[in-house]
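Structure assessment
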Number of protein chains: 2
Amino acid sequence: MEDTEQRILDAALRIFASEGYTGATTRRIAEEANVAEVTLFRKFKSKENLLREVLINNRSVFSSLDDLFKSFQKETDLDLETELRILGKNIAKAMRDKKKDSKRRMFMFMLFEEGRRRPEVAGALSSFLQMNIKPLSEYFELQIKNGKMRTVNSRSAAITFVSYFVYTSLLREVFGDSFLGDNDEEIERFIDIFTKGILKVEDLKNR
Amino acid sequence: MEDTEQRILDAALRIFASEGYTGATTRRIAEEANVAEVTLFRKFKSKENLLREVLINNRSVFSSLDDLFKSFQKETDLDLETELRILGKNIAKAMRDKKKDSKRRMFMFMLFEEGRRRPEVAGALSSFLQMNIKPLSEYFELQIKNGKMRTVNSRSAAITFVSYFVYTSLLREVFGDSFLGDNDEEIERFIDIFTKGILKVEDLKNR
DNA sequence: AAAGTAAGTAAGTAATTACTTACTTGCATG
DNA sequence: CATGCAAGTAAGTAATTACTTACTTACTTT
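**Concerning the domain arrangement of chain A**
All names here are of chain A. Looking at chain A, the domain boundaries give domain 1 (1-58) and domain 2 (59-205). One C-alpha centre belongs to domain 1, the other to domain 2; they are set 29 Å apart. Every contact between the two is made by 16 residues of domain 1 and, on the other side, 15 residues of domain 2. When the two sides are added together, the surface that domain 1 and domain 2 hide from each other amounts to roughly 1400 Å², 65% of it contributed by carbon and sulfur. Per-residue buried area on domain 1 facing domain 2 is highest for Leu13, Leu55 and Asn58; these three make up 40% of the total on that side. Our count for the contact surface shared by domain 1 and domain 2 stands at 2 salt bridges. In this structure, the salt-bridge partner of Glu120 is Arg52, at a minimum N-O distance of 3.7 Å. Taken together, the connections running from domain 1 to domain 2 amount to 2 residue pairs in polar contact (both at pLDDT 80 or more).

In structure tokens:
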């Protein structure tokens, strides 16, 4: 067995994510980590402290938004819509494939519940969220500078973008594909709306 | 004392919303409802059954999206963007003012957690969500028919719209206004993006 | 070989929790 | 007046939970 501490942290992430903080028992976490329950308490002192350490151990929600950006950041000849389409589908792919990512998102989701009661958790959650919004925000800023995007508040654009993915990944977690249908198609439709808006083009010219 | 049963249901909604299903204790709910704990069990048999009844008792998440629509549906001369701006701000206002609405949303939020474990809860949650998405969807459909909106998938538009409001109301619940800043301004920026998209107008003409 | 360290086993504690049983009180209706 | 019903009081049960104590085992370092 490798690093006991890390194994406990990973197990805690999974159990917190699937059972919620209150629902997760230290016994269950220890079992999942293949250690004796007493070992968990020796290493982390209390359940509350364990949560804190898991928080520190898992800083980003999507395994790395930066990595997802890299896939097209070299090819400068792509138009913005195509880039976002690629980004969106990569996010969707990461959601499907990486189990750890799914757990991280559900963990983050649990933090919303816990954050309303514990200010320290809210603080940690806040920096989690910033970590996703910031690179996106900067990306949009750059697009505006490069003249590929009209002048909108880049943070609002990032929040709109993230809203969609957080919400729909939640829906998919609970309902599978029954609520939203095919992932890629749905994302294409979102990107279409996000980039072009819902108004008719002729109506736009008036402004 | 009025209707004991209803008082318990209301109390349960509040406690489930703020503590989560697992975190809510029957004792606390009874206390909140000003009844003896035993009365709760006499009326509802079990905690699980109480959840079911609360579910039935609170069907819509926003007190009524229909009401919010009414505020402009008679004035047909408004353009779509203005209408959506009004709708968005009405939603924001309802969020701020109506405590019961806030509790309902947090309750719905809790259902996401619980729904992953209990298929019946997921089912109820699904119809909750449909109840918000459907009228919006139909509204967009109508706008498309009236030529005020370009042809996009109306359900995807509704989901995009709802995503934003669910996610940001969650953020506001946890962080207050510190994360997003002024409510109305932020919503204006969202509506701007949602209606007009993020691309430059000249880029749109190429398509 | 001795000593330290990381882990396990086993048992237990005090508190909490969903839920029950048995009996009582107050009020309305026949 | 008597009967019935809705609600309360009080006490308790069995299970679970976070966490502790005391002792043991196995492996590594000196």
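**A short note on the relation of the copies chain B and chain A**
Between the two copies, chain B and chain A, the superposition gives an RMSD of 0.1 Å; the rotation angle is 180 degrees and the shift along the axis is 0.0 Å. Read as a symmetry element, the transformation amounts to a two-fold axis. Taking C-alpha positions as reference, the residue of chain B nearest the rotation axis is Gly197 of chain B, located at 1.8 Å. Comparing interface residues between copies, 100% of those in chain B also sit at the interface in chain A, which points to an isologous, same-surface contact.

**Side note on the interface of chain B and chain A**
Residue-level contacts link 64 residues of chain B with 64 residues of chain A. Summed over both sides, the interface of chain B with chain A buries roughly 6000 Å², with 66% coming from carbon and sulfur. Per-residue buried area on chain B facing chain A is highest for Arg150, Tyr167 and Ile198 of chain B; these three make up 14% of the total on that side. The interface formed by chain B and chain A includes 2 salt bridges. A salt bridge links Asp192 of chain A to Arg150 of chain B; the nearest nitrogen and oxygen atoms lie 2.7 Å apart.

**A closer look at helix α7 (residues 99-115) of chain B**
When the terminal C-alpha atoms of α7 of chain B are compared, their 24 Å separation across 17 residues agrees well with the 24 Å that a helix rising 1.5 Å per residue should span. The buried fraction of α7 of chain B is high, at 14 of 17 residues.

**Examining the environment of Lys200 of chain A**
Tracing the backbone through its elements, the reader meets Lys200 of chain A in the loop between α10 (183-196) and α11 (201-205). Ignoring anything within four residues of it in the chain, the contact list for Lys200 of chain A reads Gly147, Lys148, Met149 and Arg150 of chain B.

**A word on helix α3 (residues 37-44) of chain B**
Residues and elements named next belong to chain B. All buried positions along α3 are accounted for by Thr39, Leu40 and Phe44. For α3, the angular spread of buried residues about the axis comes to 105 degrees, placing them on one side. Tucked inside the fold, the buried residues of α3 contact α1 (4-23), α2 (26-33) and α4 (47-57). Positioned one or two residues after α3, Lys45 has a phi angle of 70 degrees, which is positive.

**Quick notes on the protein's contact with DNA strand D**
Within the structure, DNA strand D sits among 17 residues, and Lys47 of chain A together with Thr4, Thr39, Arg42 and Lys43 of chain B are positioned closest to it. A breakdown of the atoms of DNA strand D within 4 Å of the protein gives sugar and phosphate a share of 60%. Here a phosphate oxygen of DNA strand D sits 3.1 Å away from a polar atom, N or O, in the side chain of Thr26 of chain A. The separation between a phosphate oxygen of DNA strand D and a polar main-chain atom of Ala36 of chain B is 3.1 Å. Elements with a contribution of two residues or more to the surface near DNA strand D: α2 (26-33) and α3 (37-44) of chain A together with α3 of chain B. Per element, the largest residue contribution to the surface near DNA strand D is 4 residues, and it comes from α3 of chain B. For the surface near DNA strand D, the per-class residue count stands at 6 nonpolar, 6 polar and 5 charged.

**Quick notes on the packing of aromatic side chains**
All names here are of chain A. Here the structure, examined in full by the defined rule, presents 29 aromatic pairs over all chains. Judged by centre distance (3.9 Å) and plane angle (5 degrees), the ring pair of Tyr164 and Phe190 falls under stacked. Residue Tyr164 is located in helix α9 (residues 154-175), and its partner Phe190 is located in helix α10; the two are separated by 26 residues in the primary sequence. Relative accessible area serves as the criterion here: at 0%, Phe190 is assigned to the buried category.

**Here we look at the pattern of salt bridges**
This model, assessed by the stated rule, comprises 42 salt bridges over all chains. The shortest N-O distance in the salt bridge between Arg118 of chain A and Glu120 of chain A comes to 3.7 Å. Judged by its relative accessible area of 16%, Arg118 of chain A falls in the buried class. Since its relative accessible area comes to 34%, Glu120 of chain A is described here as partly exposed. Put simply, Lys134 of chain B and Glu138 of chain B hold a salt bridge, and the shortest N to O gap is 4.0 Å. You can see Lys134 of chain B and its partner Glu138 of chain B sitting in helix α8 (residues 119-145), 4 residues apart, about one turn around the helix. Residues joined by salt bridges that share partners form a network here, namely Glu48, Arg52, Glu113, Glu114, Arg116, Arg117, Arg118 and Glu120 of chain B.

**What about the environment of Gln130 of chain B?**
Mapping Gln130 of chain B onto the fold places it in helix α8. Its relative accessible area of 31% is what places Gln130 of chain B among the partly exposed residues. Among residues more than four places away in sequence, those in contact with Gln130 of chain B are Phe179 of chain A together with Pro135 and Arg155 of chain B.

About the cut-offs
Residues numbered from 1 in each chain as written. Chains lettered and ligands numbered in written order. Predicted model: local features only at pLDDT ≥ 70, side-chain atom pairs only at ≥ 80, totals over all residues. Heavy atoms only, no water. Domains from an automatic or database assignment. Contact = heavy atoms within 4.5 Å. Buried area = accessible area lost by both parts, 1.4 Å probe. Salt bridge = Lys/Arg side-chain N within 4 Å of Asp/Glu carboxyl O. Polar contact = N/O pair within 3.5 Å; in protein donor to acceptor, adjacent residues only side chain to side chain. Least-squares fit on C-alpha atoms with pLDDT ≥ 70 in both. Helix = DSSP H or I, 4+ residues; strand = E, 2+ residues; numbered from the N terminus. Expected span 1.5 Å × (residues − 1). Buried < 20%, exposed > 50% of the residue type's maximum accessible area, 1.4 Å probe, protein only. Arc of directions from axis to C-beta. Near = heavy atom within 4 Å. Nonpolar A, V, L, I, M, F, W, Y, C, P; charged D, E, K, R; others polar. Phe/Tyr/Trp six-rings, centres within 6.5 Å; stacked < 30°, edge-to-face > 60°.

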